[in-house]
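Here are the chains, one letter per residue:
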Amino acid sequence: MLTRETIVNIVLAALLLAVPLAANASGQPFYVTIATRVAILALAATGLNLALGLGGLVSFGHAAFFGIGGYAAGILASHSFSGEPLLFGLSGTKQMPLIWVVAMLVAGLVGLLIGTISLRTSGVYFIMITLAFAQMVYYFAISWPAYGGEDGLSILVRNQFAGVNTMKPVSFFLICYVLLMLALGLFVLVRGSRFGSALQAARQNEVRVATVGIAPYRIRLTAFAISAAMTGLAGALYADLNRFVSPSMLSWHMSGELIVLIILGGTGRLFGPLAGAALFVIFEYLLGGLTERWQFFLGLILLATVLFARGGLLGLLAGKARHG
Amino acid sequence: MTLALALEQLLNGLQLGVMLFLMAAGLTLIFGVMGLINLAHGSLYMVGAFACAAVASATGSFWIGLIASFACAAAAGAIVELLVIRRLYDRDHLDQVLATFALILIFSEGTRWLFGSFPLYLDIPRLLQGAVALPGGAQYPVYRLAIIAAGALVALGLYLLIGKTRLGMRIRAGESDREMIGALGVDIRTLYTVVFALGAALAGFAGAMVGALQSVQVGMGEPVLILAFVVIVIGGIGSIKGALLGALLVGVVDTMGRFLLPQVLALFVPPSQAGLIGGAAASMLIYVMMALILAVKPRGLFAAAHA
């Protein structure tokens, strides 16, 4: 039995695959790159959605994990290029799978660290503390000159994936698309698991969860770390897409944008991040083509969404969410 | 390292702290009374700076500009409150964060539209130009001392306003029980607008004062906003006293850390390395301090009882 939301989801997933393939077939690689951007941003926001949508943890610092993933890719690639050993005699690498693992590990560990302190608080405190820690990482990246400091770090040639020519836009898009679908699958698994139920229950009523003998803190911390790792993976892909990493990936505007993607699409919904990312990139492309001041109008649209259209795009297309 | 240099840095830290207090006081008041997290507070800081720069260059007087910064920021605050913010009071924090994030985009691009992308410059008024000699022989700019004095005066004024006046009594009542003072016949909607405009005016005033030290440009409020968040998290959200102490702490620790850390490290490692590591470590210092304070007191040093 297909619900309306499932149909909308299938259509969205199919569109994201069909549009760039069609664009590629008709010789328009530019649109393939745009679709890749959508897929990567959706992956980053899906990571955040685990913490924010399921757990109700409004992290305003996920740019830190996005940027850390990006820097992991950039630093590994630069060491592989220069041949200098990285740490303890280990060398860099140009292999995407290895880079992804490192990006997820580092982002997840930093998430664990930030979460350990931030999750002691809740509400507004949590928002501000995650923001502050992300700023800390941002300022560190700016003032640490070894990897470009404020100027950022270029990745000269896109990293490699065995058997695929990653320099071809459509191949790289397919890699990102598959990873996005895997992440969405993981989201479904987590949402349906005992762990996911506890996480959602802790959002709805913390006291009850504690009463039945589950510690909300540990559940949340685990979710926060997984969420950070997923966003870190997206960061590594984003670095490879642009072949460039800079502190702007770590800036608080990025954190804000990730939340915006989720809200535009529909909070806590499986495909909310994808719908939001598609909408955001389309806005950016269309409005940005019309006026240099597109962020002004983005602000207005966002304000209207928050004030008047609370379910986001999926709320509009697929009706109310089944549970709040 | 000489005593004079250390004293100079200490004063710089105080000056930063005082400015942070002006921002943090507004933020913490707005959160305390209305329960609202306002990311657009940095935009009001920017509005104040631009108003001061524009009016000062039109009239030739910094002082008229300073009054304009106060008035414009208060007016902008009141308008925003009436149009947008009052719809957010009974929403959750996520909606508040997003709506005020949207306001930042609107304010920043709107200002760029009006004034262009180039920074404006604001001259220090003649009365406050020049420098005074510090004990130890260093020269310190009068204007920075004036900022410290102005901030201290505002802190005193806020203390009197909140502790001794009728409006202050309502604000305190609003912090402890919003529904009750509404039920007692206080026009709570007007009170909210007044509090928001007051916070905005403080931010605008801070922006104008700092505008004469740095350039006046779009986005200037954002780093200050985030520092102000650190301040109120450390001080305890909703507490003016906490905001004052937190602001001075953050201002002095940040400035002294940037000054001292490289020098301390230079005792152990070569100077070039020390500058590098020290600089990077100093930029993280206040966040580490925040983490440590939160590890001991998760609600800040002076948490309001109800928050």
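Residues numbered from 1 in each chain as written. Chains lettered and ligands numbered in written order. Predicted model: local features only at pLDDT ≥ 70, side-chain atom pairs only at ≥ 80, totals over all residues.

Undergrad: Explain the overall build of chain A here, please?
TA: What chain A contains, in helices and strands, is 13 helices and 2 strands. Scaling as 2.2 N^0.38, a compact globule of 324 residues should have a C-alpha radius of gyration of about 20 Å, and chain A matches this with 19 Å. Principal axes of the C-alpha set define a box for chain A whose edges measure 55 × 50 × 40 Å. Partitioning the contacts of chain A with sequence separation of at least 6, the portion at a separation of at least 24 is 75%. (Helix = DSSP H or I, 4+ residues; strand = E, 2+ residues; numbered from the N terminus. Rg over C-alpha atoms; globule rule 2.2 N^0.38 Å. Contact = placed C-beta atoms within 7 Å.)

Undergrad: I would appreciate a short explanation of the overall build of chain B in the present structure.
TA: Along its length, chain B carries 11 helices and 2 strands. Along the chain direction, N to C, the helices and strands of chain B fall in the order α-α-α-α-β-β-α-α-α-α-α-α-α. Since a compact globule built from 307 residues should have a radius of gyration of about 19 Å, the 20 Å found for chain B is in line with a globular shape. Overall, the C-alpha framework of chain B stretches about 65 × 50 × 35 Å when taken along its three principal axes. Expressed as a percentage of its 307 residues, the buried residues of chain B come to 50%. For chain B, the proportion of contacts with a sequence separation of at least 24, taken over those separated by at least 6, is 77%. (Buried ≥ 20, exposed ≤ 12 C-beta atoms within 10 Å, placed from the backbone.)

Undergrad: How should the UniProt feature "transmembrane region" (unreviewed entry) in chain B be read in this particular structure?
TA: Mapped onto this numbering, the UniProt entry annotates "transmembrane region" (unreviewed entry) at residues 12–32, 39–56, 62–85, 97–122, 142–162, 190–213, 225–253 and 274–296 of chain B. Annotated as residues 62–85 of chain B, this span is 92% helix and 0% strand, and its ends, taken at the C-alpha atoms, are 31 Å apart. (UniProt positions renumbered as here; feature names shortened; annotations may be inferred.)

Undergrad: So what exactly am I meant to see when it comes to the interface of chain A and chain B here?
TA: Think of interface size as the accessible area that goes away when the parts come together; that is how it is often given. Of the residues lining the interface, 36 residues belong to chain A; the matching set on chain B comes to 34 residues. At the level of secondary structure, the elements contributing two or more residues to the side of chain A that touches chain B comprise helix H5 (123–143), helix H10 (252–265) and helix H12 (294–308) of chain A. Looking at which element gives the most residues to the side of chain A that touches chain B, the answer is H5(A), with 14 residues. Looking at the side of chain A that touches chain B, its residues break down into 27 nonpolar, 7 polar and 2 charged. (Nonpolar A, V, L, I, M, F, W, Y, C, P; charged D, E, K, R; others polar.)

Undergrad: So what exactly am I meant to see when it comes to helix H9 (residues 221–235) of chain B here?
TA: Three or four residues apart is the spacing at which side chains of an α-helix point the same way, because the helix has 3.6 residues per turn. All names here are of chain B. In this model H9 runs 20 Å from its N-terminal to its C-terminal C-alpha over 15 residues, within 8% of the 21 Å that 1.5 Å per residue would give. A large share of H9 lies buried, amounting to 14 of its 15 residues. Phi turns positive, to about 105°, at Gly 236, one or two residues after H9. (Expected span 1.5 Å × (residues − 1).)

Undergrad: Any chance you could explain the UniProt feature "transmembrane region" (unreviewed entry) in chain A here in plain terms?
TA: UniProt's entry tags residues 35–52, 59–78, 98–117, 124–147, 170–190, 221–239, 259–283 and 295–318 of chain A with the feature "transmembrane region" (unreviewed entry), counted in the numbering of this structure. Regarding residues 98–117 of chain A, the helix share stands at 100% and the strand share at 0%, and the terminal C-alpha atoms are separated by 29 Å.

Undergrad: Would you take a moment to explain the nonpolar core for this structure?
TA: Burial of nonpolar side chains together is a common tendency in soluble globular proteins. Membership of the largest hydrophobic core comes to 213 residues, with the highest contact counts inside it found for A:Leu43, A:Ala132 and B:Met23. If sequence neighbours within four positions are ignored, B:Met23 has contacts with B:His41, B:Tyr45, B:Ala203, B:Ala206, B:Val224, B:Leu225 and B:Ala228. (Core = buried A, V, L, I, M, F, W, Y, C linked by C-beta atoms within 7 Å.)

Undergrad: What am I meant to see in helix H3 (residues 62–83) of chain B here?
TA: Compared with an ideal rise of 1.5 Å per residue, which puts 22 residues at 32 Å, H3(B) spans 31 Å between its outermost C-alpha atoms and is within 8% of the ideal. Tucked inside the fold, the buried residues of H3(B) contact helix H2 (41–59), helix H4 (93–115) and helix H8 (188–211) of chain B.

Undergrad: Looking at this structure, how should I read the environment of A:Thr166?
TA: Residue and element names in this part refer to chain A. Secondary-structure assignment places Thr 166 in the loop between strand S1 (153–154) and helix H6 (169–192). When the C-alpha atoms of Thr 166 and Leu 241 are compared, they prove to be 9.7 Å apart, with 75 residues separating the residues in sequence. Excluding residues that lie within four positions of it along the chain, Thr 166 makes contacts with Arg 158, Asn 159, Gln 160, Phe 161, Ser 171 and Phe 172.

Undergrad: In this structure, what is going on with unusual backbone geometry? I would like to understand it.
TA: Of all residues except glycine, most have a negative phi; of all peptide bonds, most are trans. Despite not being glycine, A:Arg243 shows a phi value in the positive range, around 50°. Position of A:Arg243 relative to the elements: it lies in the loop between helix H9 (216–242) and strand S2 (244–245).

Undergrad: Explain the environment of A:Leu153 here, please?
TA: Its place among the elements puts A:Leu153 in strand S1. Placed 92 residues apart in sequence, A:Leu153 and A:Val245 show a C-alpha to C-alpha distance of 5.2 Å.

Undergrad: Can you walk me through the confidence of the model for chain A in this structure?
TA: In low-pLDDT regions, the fine details of the predicted coordinates are not to be read closely. Of all residues in chain A, 98% have pLDDT values of 70 or greater, and the mean over the chain is 89. Ranking the elements of chain A by mean pLDDT puts helix H13 (residues 312–318) of chain A last with 76 and H9(A) first with 95. (pLDDT = per-residue confidence, 0-100.)

Undergrad: Please clarify how the packing of helix H1 (residues 3–34) of chain B against H9(B) should be interpreted in this entry.
TA: Two measures define how a pair of helices packs: the angle their axes make with one another and the distance between the axes. Residue and element names in this part refer to chain B. Viewed as axis vectors pointing N to C, H1 and H9 meet at an angle of 65°, and their least axial separation amounts to 9 Å. By the criterion of interaxial angle, the relationship of H1 to H9 is roughly perpendicular. Classified by chirality, the crossing of H9 by H1 is right-handed. Here H1 contributes Leu 20, Met 23, Ala 24, Leu 27 and Thr 28 to the contact with H9, which in turn contributes Val 224, Leu 225, Leu 227, Ala 228, Val 231 and Ile 232. (Axes fitted to C-alpha atoms, helices over the stretch in contact; angles between N-to-C directions. Parallel < 35°, antiparallel > 145°, perpendicular 65-115°, else oblique. Left-handed = near helix turned anticlockwise from the far one by under 90°.)

Undergrad: In this structure, what is going on with the packing of H10(A) against helix H11 (residues 272–290) of chain A? I would like to understand it.
TA: Residue and element names in this part refer to chain A. Contact geometry of H10 with H11 gives a least axis separation of 7 Å together with a crossing angle of 105°. In terms of orientation, H10 lies roughly perpendicular with respect to H11. For the pair formed by H10 and H11, the contact residues are Val 260, Leu 261, Ile 262, Ile 263, Leu 264 and Gly 265 on the first element and Gly 272, Pro 273, Leu 274, Ala 275, Gly 276, Ala 277, Leu 279 and Phe 280 on the second.

Undergrad: Sorry, what's going on with the environment of A:Ala183 here?
TA: All names here are of chain A. In this structure, Ala 183 sits in helix H6. Since 22 C-beta atoms lie within 10 Å of it, Ala 183 is described here as buried. If we ignore the near neighbours within four places in the chain, the residues touching Ala 183 are Leu 43, Thr 46 and Met 230.

Undergrad: Even after reading the chapter, I still don't get the confidence of the model for chain B, so can you show me in this structure?
TA: For chain B, mean pLDDT is 88; residues scoring 70 or higher make up 98% of the total. Under the prediction, the complex receives an ipTM of 0.86, its pTM being 0.88.

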